[in-house]
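# A look at the structure
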Amino acid sequence: MERFNQTIEELYREMIQIDSLQIPCRELRDQGMALFREKGIPHGKMEKWRHKAIDTLLVKPDQPFKPYLIQTEPSPYQPIDQVFKCEIKNIGTISYHLLNGWYIHQNKPLDIRDNGVIVGSINAAYQQFPELVSHYFNQLDPEKQDGLIALNQALFTDGIFIYVPDNVVVETPIQIVSLVDTLQKLMIQHHHLVIVGKNSQLSLVHCNDSVHEENSFINNILEINLEANAQLHYYKMENKDAQSILVNNTFVNQAADSRFTSNMITFNCGYVRNSLEVHLKEEGSDANLYGLYLVDRKQYIDNQVNVIHHVPHCTSNQIYKGIADDEAGANFSGHIYVAKDAQQTAAYQINRNIALTDEAKITTRPFLEIYADDVKCSHGATIGQLDENAMFYLRTRGICLRNARMLLMFAFANEIANLVLIEKLRERLNDMIKRRLSGELTICDQCMMNCADKENLIYDIDTTRLRS
Amino acid sequence: MLKIQNLHVSIHGKEILKGVNLEVKRGEVHAIMGPNGTGKSTLASVIAGKEIFDVTEGSITYKDKNIFDLSIEDRAREGIFIGFQYPVEIPGVSITNFMRTALNEIRAYRGLEPLGAAQFLRLMEEKKKIVELQSKLSERSVNEGFSGGEKKKNEIFQMAVLEPELAILDETDSGLDIDALRVVANGVNQLRNPENAAIVITHYQRLLDYIIPDFVHILFDGKIVKSGPKELAMELEEKGYDWIKSEYEQSKLIGK
Ligand SMILES: Nc1ncnc2c1ncn2[C@@H]1O[C@H](COP(=O)(O)OP(=O)(O)O)[C@@H](O)[C@H]1O
Ligand SMILES: [Mg+2]
């Protein structure tokens, strides 16, 4: 770890030399660095990291240490389509792109629309709207910050800024594509900020993809603020290669009667940790937090959900589901905190997992901390296999073992994808789930039954076209 | 078509079927009757290929093949259909997807092209009429939240889509009102032809007013203790299962 920390010190010195950043970052960098020196990278002895340590992923004990690099300026502009081969294209969104840590644009770092909506680089936004940005930027509780958040504060480069003024319904969803395309060992730290004004509505699709990458480490902060009666649908898609380490720290603040819906979908990854902290700060706010993860081989997905009911009359609902194959691992930690005065809270949580092999390592940790007495709270967690009776029933109709498994897995995963409200995205997701399950998650060799059509699978799900 | 010889089946070491003999030829409809717990469903499950049952003795051949050499799905592809007493609920799998996958796999096994979406939809519409299934039902998840009657109708619907050669219906009539009963019977009768056969397992004689069997067998204590023409069902209804019971016990005594 010492070599790693040394690298961080060097990168920090490098970053404070750079003046292209407009955020009053020097102070933040210094604070972050000081905190990082104190806390360091979280390690396996810490309660929240016990199930899977990140320090030994960043610095592999059995391998020579190769330092991380930070790309200190944006890549030269290239037509987007040459780089971004994102799966989730043409879904009727307007997209904005980040490459190797920087907002990518052609002489237009901020898109300022007629209705007052602003989308673009956080650095540019601060330069142009310092008051607006600094009012919301980095409003994190210092008490709760860990070494990774400190690291981001010390070394962040750029991020997306989205501002929806009061009383604006953004009709076309906004899509952020964060991409890594490098043959270097990059460290990338975005700090994004999203503000949805009073009575306003936004759908946001956020993709983390990789093209070429060599052991990159991505450590993001996303702050979301919903003003009174605002609505945000946040769809997070993760499809990363096996070498990558991705940590997302998402913080949501909700004002009165606001509604936040998130859907975190992870198809492939090396290591992903989605940490989501939602503060229901004013009465009537509502959070719906969904997640789906499909992992295999040696992939690891960690979802840390933390919902804090500060005040009465708020609702929250968590539904996370996942399938782990081979030696893959998955953890779900769901924390519901209900403050003493937060009466009439309704808070629910469900985590369902399917382990396809004995080696797949799944952990689920519900944690309810309730200090109010008039609340409705429930949680349910399961780790199981595919339903034997359902398998049998499907097979008695002529469906082979492999397709029977696929139908059941698809049904299991589909429940979460169906909560996506953007129709084209939902269709694309279902298609991706189908391909993910048939391409990767099933191991033909394990099919002991004599499947008549191993090569030529006729398993065909096309519900959209089948609707009469 | 189906030949069961001296079939002994046990579960967790407890013997349930104790030497069942039964032969079903093409074109025939057989009824199997018997009190609860005598092993009727066990027999259907063993034919379907349920793995928790141990076959300790005897044989089942179907179309001159040893049925135990066929996987569960291959039995279906060879034309066996079981209408289950307790159909399984499968949340998230739509009946449409389910049936399309099943039908196309069966077709592939038989060397036929898969049905295109339009053809398949037409087939579904046609078959839905047979069981008077509401159109919405076919878009719902398999059996999820279905009433008892809907589940049974759904079994017959699946049978109509898959067009089996040998249909085994396990208490498809239980819990049905007269209208539903007629629908179910109608579904079975439509399938009836000189090439196909059916085994109707039932507790009551009622269903046999609509599906007239060629033979009636009474399964008791894991064995077929009496076989006869359709009138046997009437006799059983009149005299009740106690009649079988006392006759059986008597024969046991004489046997000793
Ligand atoms: N899965 C099972 N586990 C244990 N016992 C079973 C199981 N299935 C059936 N049995 C037993 O086998 C016997 C026959 O049951 P079944 O075949 O369902 O009878 P029937 O259909 O004639 O009512 C019963 O005693 C029942 O308890
Ligand atoms: Mg039974």
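Residues numbered from 1 in each chain as written. Chains lettered and ligands numbered in written order. Predicted model: local features only at pLDDT ≥ 70, side-chain atom pairs only at ≥ 80, totals over all residues. Heavy atoms only, no water.

### Thoughts on the interface of chain A and chain B
Here is the rule we go by: Throughout, a residue-residue contact means that at least one pair of heavy atoms, one from each residue, lies within 4.5 Å. Using a 1.4 Å probe, buried area is obtained as the accessible area two parts lose upon being combined, added over both of them. In what follows, salt bridge is the name for a side-chain nitrogen of Lys or Arg lying within 4 Å of a carboxyl oxygen of Asp or Glu. Polar contacts, as used here, are pairs of N or O atoms within 3.5 Å; protein pairs need one atom able to donate a hydrogen and one able to accept it. Residues neighboring in sequence count only if both atoms are side-chain atoms. A run of H or I in DSSP counts as a helix once it spans at least four residues, and a run of E counts as a strand once it spans at least two, with each numbered from the N terminus.
The interface of chain A with chain B comprises 30 residues on the first partner and 42 residues on the second. Taken over both partners, the interface formed by chain A and chain B buries close to 3,100 Å², and the fraction arising from carbon and sulfur atoms is 62%. Our count for the chain A to chain B interface comes out at two salt bridges. Where A:Arg397 meets B:Glu155, a salt bridge forms, and the shortest distance between an N and an O atom there is 2.8 Å. Counting every contact that joins chain A to chain B gives twelve residue pairs in polar contact (both at pLDDT 80 or more). Taken together, the elements giving at least two residues each to the side of chain A that touches chain B come down to helix H8 (388–395), helix H9 (401–417) and helix H11 (463–466) of chain A.

### Describing the coordination of the magnesium ion (ligand 2)
Residue and element names in this part refer to chain B. This is how it is decided: Counted as donors are N, O and S atoms no farther than 2.8 Å from the metal, or 3.2 Å for Na, K and Ca; water is not among the atoms, and sites may therefore look incomplete. The classification of residues rests on relative accessible area computed with a 1.4 Å probe and restricted to protein chains. Under 20% of the type maximum is buried, over 50% is exposed, and intermediate values are partly exposed.
Those protein atoms acting as donors to the magnesium ion (ligand 2) are Ser41 (OG) and Gln85 (OE1), and they sit at 2.0 to 2.1 Å. Here Ser41, found in helix H1 (residues 40–48), pairs with Gln85, found in the loop between strand E6 (80–83) and strand E7 (90–94); they are 44 residues apart in sequence, far enough to count as distant. Classification of Gln85 by relative accessible area gives buried; the value is 15%.

### Some points on the domain arrangement of chain A
Residues and elements named next belong to chain A. For clarity, the threshold we go by: The split of the chain into domains comes from an automatic or database domain assignment. For this classification, Asp, Glu, Lys and Arg are treated as charged, while Ala, Val, Leu, Ile, Met, Phe, Trp, Tyr, Cys and Pro are nonpolar and the rest, including Gly, are polar.
Partitioning chain A into domains gives domain 1 (2–282) and domain 2 (389–468). Together, the buried faces of domain 1 and domain 2 total about 1,400 Å²; carbon and sulfur atoms form 67% of this surface. For the interface between domain 1 and domain 2, the tally reads zero salt bridges. Only strand E9 (201–210), strand E11 (231–239) and strand E13 (259–268) provide two or more residues apiece to the side of domain 1 that touches domain 2. By residue class, the composition of the side of domain 1 that touches domain 2 is eight nonpolar, six polar and two charged.

### Observations regarding the nonpolar core
One recurring pattern in soluble globular proteins: nonpolar side chains tend to sit buried together. Convention followed: Each nonpolar core is a collection of buried residues, namely Ala, Val, Leu, Ile, Met, Phe, Trp, Tyr and Cys, held together in the definition by side-chain atoms within 4.5 Å.
Counting 111 residues, the largest nonpolar core has B:Ile47, B:Met99 and B:Leu166 as its most contacted members. Mapping this core onto the domain boundaries places at least three of its residues in each of domain 1 (2–282) and domain 2 (389–468) of chain A. Apart from residues no more than four positions distant in its own chain, B:Ile47 is found in contact with B:Leu2, B:Ile4, B:Ile60, B:Ile67, B:Arg75, B:Ile80, B:Ile82 and B:Ile168. Listed in part, the 52 residues of the second largest apolar core include A:Val278, A:Leu289, A:Ala328 and A:Ile362.

### Points about the packing of aromatic side chains
What describes a pair of aromatic rings is the distance from one ring centre to the other and the angle between the planes of the rings. The following threshold applies: Geometry of aromatic contacts follows a simple scheme: Phe, Tyr and Trp rings, the Trp one being its six-membered ring, pair when their centres are within 6.5 Å, and the pair is stacked under 30 degrees between planes, edge-to-face over 60, tilted otherwise. Cation placement over rings: the criterion is NZ of Lys or CZ of Arg within 6 Å of the ring centroid and within 35° of the ring normal.
Under the counting rule described, the total for this entry stands at nine aromatic pairs over all chains. Centroid distance A:Tyr68 to A:Phe217: 5.9 Å. Interplanar angle 55°. Geometry classified as tilted. Placement of the pair is A:Tyr68 in the loop between helix H3 (55–58) and helix H4 (80–83) and A:Phe217 in strand E10 (residues 217–226), with a sequence separation of 149 residues. Taking relative accessible area as the criterion, A:Tyr68 reaches 3% and is therefore assigned buried. Taken together, the ring pairs in this structure connect A:Phe392, A:Tyr393, B:Phe84 and B:Phe98 into an aromatic cluster. Above the ring of A:Phe156, the side-chain terminus of A:Arg29 is found at 5.0 Å from the ring centroid.

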